[in-house]
Amino acid sequence: MSTPTLLVLYGSQTGTAQDAAQRIGRQAKRKRLQVRVSPLDQYDVADLISESLVVFVCATTGQGEAPDNMKNFWRFLFRKSLPAGSLNRLDCAVLGLGDSSYPKFNFVAKKLHKRLLQLGASSLLPVGLADDQHDLGSDAVIDPWLALLWEQVFALFPTLSDVEALSEDEPKRHLVLPRTLLLNPVCQTVPVSQSHPFPARLVSNQRVTDPAHFQDVRHIEFDITRSDIKFGAGDVVNMRPCNAAEDVEQFCQLLRLEPEARFTLSATDAAAVPVRLPQPCTVRHLVESYLDVGAVPRRSFFELMSTFATNELEREKLLEFSSAAGQAELHDYCNRPRRTALEVLSDFPHTTAELKVDYVLDLFPEIQPRSFSIASLHPNRIQILVAVVRYKTKMFKPRQGLCSGWLASLDPAQGEVFVPLWVKKGSLTFPKESDTPVIMVGPGTGVAPFRSALQERTAAGRTDNVLFFGCRSESKDFYFRSEWEELTEAGRLTLFTAFSRDQEEKVYVQHRVEQNAELLWDLIANRDACFYIAGNAKQMPSSVGDALKLVFRKEGKLTEEEAERKFMTMERTGRLQSETWS
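Below or above, wherever it landed, is the structure these notes cover. (Residues numbered from 1 in each chain as written. Predicted model: local features only at pLDDT ≥ 70, side-chain atom pairs only at ≥ 80, totals over all residues. Heavy atoms only, no water.)

### Concerning the environment of E260
- Residue position: E260 is located in the loop between α5 (245–254) and β11 (262–267).
- Between the C-alpha atom of E260 and that of L6, which follows or precedes it by 254 residues, the distance is 40 Å.
- In this view, E260 contacts T282 and R284; residues no more than four positions away in its chain are not counted.
- Polar contacts involving the side chain of E260 include one to the side chain of R284, which spans 2.6 Å. (Helix = DSSP H or I, 4+ residues; strand = E, 2+ residues; numbered from the N terminus. Contact = heavy atoms within 4.5 Å. Polar contact = N/O pair within 3.5 Å; in protein donor to acceptor, adjacent residues only side chain to side chain.)

### Brief notes about the sheet that holds strand β14 (residues 381–387)
- The 6 strands lie next to each other as β13-β10-β17-β8-β9-β14, forming an open sheet whose pairing is antiparallel. Each end of this open sheet is capped by a strand with a single partner; those strands are β13 (370–373) and β14. For this sheet, the mean inter-axis angle between neighbouring strands, taken without regard to orientation, is 40 degrees.
- Strand direction decides the pairing type here: strand β8 (residues 198–207) and strand β9 (residues 217–223), joined by 6 bridges, are antiparallel. From the neighbouring strand, L202 faces β9, where its bridge partner is F222. (Pairing = 2+ DSSP bridges. Axes fitted to C-alpha atoms, helices over the stretch in contact; angles between N-to-C directions.)

### Observations regarding the environment of F499
- Counting through the fold element by element, F499 comes out in strand β20 (residues 494–499).
- Judged by its relative accessible area of 11%, F499 is buried.
- The sequence separation of F499 and F469 amounts to 30 residues, and the corresponding C-alpha distance is 8.6 Å.
- Aside from chain neighbours lying at most four places away, what touches F499 is C471, R472, S473, E474, F478 and V507. (Buried < 20%, exposed > 50% of the residue type's maximum accessible area, 1.4 Å probe, protein only.)

### Observations regarding the side chain of S306
- Within the fold, S306 resides in helix α7 (residues 299–306).
- S306 has contacts with R315, L318, L319 and S322, leaving out every residue within four places of it along the chain.

### Details of the nonpolar core
- Counting residues in each nonpolar core, the largest one holds 39 residues, and the members touching the most others are F251, L286, L291, F301, F302, L345 and F364.
- At the level of secondary structure, the elements contributing two or more residues to this core comprise α5, β11, α6 (283–289), α7, α8 (312–321), α9 (327–335), α10 (341–347) and α12 (360–363).
- Residues within four places of F301 in sequence aside, it is in contact with A341, V344, L345, L363 and F364. (Core = buried A, V, L, I, M, F, W, Y, C linked by side-chain atoms within 4.5 Å.)

### Regarding the packing of aromatic side chains
- Applying the stated criterion across every chain yields a total of 17 aromatic pairs.
- Of the aromatic side chains, those joined through ring pairs into one cluster are F251, F301, F302, F321, Y333 and F364.
- In this structure, K111 is placed above the aromatic ring of F78, and the distance from its NZ or CZ to the ring centre is 5.1 Å.
- Here K549 stacks its cationic end above the ring of F567, 4.6 Å away from the centre of that ring. (Phe/Tyr/Trp six-rings, centres within 6.5 Å; stacked < 30°, edge-to-face > 60°. Lys NZ or Arg CZ within 6 Å of the ring centre and 35° of its normal.)

### Some words on helix α3 (residues 107–118)
- Helix length check: α3 (12 residues) gives 17 Å between terminal C-alpha atoms against 16 Å at 1.5 Å per residue, within 8%.
- Along α3, the residues classified as buried are V108, A109, L112, H113, R115 and L116. With its buried residues spanning 165 degrees around the axis, α3 presents them on a single face.
- Buried residues in α3 make contact with β3 (53–59), α2 (71–77), β4 (91–98) and β5 (122–123). (Expected span 1.5 Å × (residues − 1). Arc of directions from axis to C-beta.)

### Observations concerning the pairing of strand β18 (residues 438–441)
- Going residue by residue along β18, you find V438 and M440 tucked away on one face and I439 and V441 tucked away on the opposite face as well.
- By the bridge criterion, 4 bridges tie β18 to strand β19 (residues 465–471) in an arrangement that is parallel. Bridge pairing in β19 links V441 to F468.
- With helix α14 (residues 448–459) bridging β18 and its parallel neighbour β19, the resulting β-α-β unit is right-handed.
- With 4 bridges connecting them, β18 and strand β21 (residues 530–536) associate as parallel partners. By the bridge assignment, M440 is partnered in β21 with Y532. (Right-handed = clockwise from strand over helix to strand, strands pointing away.)

### A closer look at the sheet that holds β21
- The strand order across the open sheet built from 5 strands is β20-β19-β18-β21-β22, with neighbouring strands paired in parallel fashion. Here the strands that pair on one side only, and so sit at the sheet edges, are β20 and β22 (576–581). Looking at each pair of strands side by side, their axes are set apart by 10 degrees on average, direction ignored.
- Packed on one face of the sheet, helix α17 (residues 517–527) meets β18, β19, β20 and β21 and runs near 130 degrees to β18.

### With respect to the packing of helix α1 (residues 16–30) against helix α4 (residues 139–156)
- Where α1 meets α4, the axes come as close as 12 Å, and the angle between the chain directions of the two elements is 35 degrees. At the point where α1 passes α4, the crossing takes the right-handed sense. Along the contact surface, α1 presents A20, R23, I24, Q27 and A28, while α4 presents D139, I142, D143, W145, L146 and W150.
- In the contact of α1 with α4, the residues fall into 7 nonpolar, 1 polar and 3 charged. (Left-handed = near helix turned anticlockwise from the far one by under 90°. Nonpolar A, V, L, I, M, F, W, Y, C, P; charged D, E, K, R; others polar.)

Rendered as structure tokens:
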């Protein structure tokens, strides 16, 4: 039997699935397999019928949705016209990356696996369901799953087990330094999208929490005049943050790179040159806008670092961190204190000095876009509500969210600031019928999409609006208070608030939902109201869901099973929607 070509296809939203796919690709190369790694939407899905060996790696986003870079593939694969046996030549495996704190855990991987079997494909092993909530992260599932995968591949192709493995990977792209060519500015002549974002001018950046409050939350506004961007209630705006100037300088010093040096990129093997990097490009632009040097590094980072290590102590520690047995140690070193890749480079100075510049795009992931619910429907303006992420660990330097910290640092009073952005449809859709009431539960920054919805609905004369808003203190973080009070006085909004720290016993939005059971049951049972939840995914969504089921049982006299069925029916029919984030 001839040596197979392994195809690794991935659907990734934040880069985790891409990292896992590339790890599989590297392992395949070391085993001397011909391998190709590609995002699903860059692969011609019609060619799938002629493939013999494919590994699918996919994340689940939002409320059980496929990542953006596999949506075209997803639509094609679920066409009803596809014949049942069309993939009967295919041996495949599916690895899902998810987070069990979300209700539709690894939904995409499970559904993909089932669909591939329906189309006649043979599964090499059970679908892998990696969980980011596990103490050791996704690798707790990925490691044994990969070991079983290679066992199955070797069983299919026994000659592979006789081949001596390679010890080091080749870089996927070459950086050619230095260059002296000038960059030409690109005009905005194509529709705004992820690959062609619009440079929106920052109009205002205001703190909306009390100065004494521990949490810095910003109300930020962008001018999108002449962009042709269209959006509605529930939509989200996306942007890619930049690394701080001090991190860029430190990175260049550690790797002995001249920030203003220019280079061109050329691909080796089948790797693609990133389209959003100009050719030629400066080292500063690459580090500032593309390489995620402030991320907590994944295991693959240590695997690749270890191949450069000549210092015995550093090499031993890097090999330990990249081994299956060393994952608890790696978790304590990296994940628990949220140590960044840049800090790891400083901890391994001898190995860092040995790094070859060709490998930086393999070593550091691309900065991923961040999404924010649009908090206003003002024409030619996009407004967002951003909680600035700052916290302390055992590390000397406080931790900071890359995007929220970057946004907070932008000051239009110091000169014009432009942020490249684009808009996409969100997971929340609001009823078109004028007589359908809406019930919205949005504690904290989760209230942002409901501000848009209320602006849209009140402008259309729809007054059956109920909002449950929660925060810590009425005087410190009651976002958009004057607007809610004005709408309430005008009879366009029924508002319920929960200020968790303003009394001895903590009160949350789920308690207010329970306390207003009679009103909610009337709106849902008699007037087909839609129910929405937005905010932090930790405990709030499930607590609000439990409170709503209690409403069904208390006011609707339903049994526990009947309440659960009603809840699931509302979810299935779109009358219960949620948009949560971790």
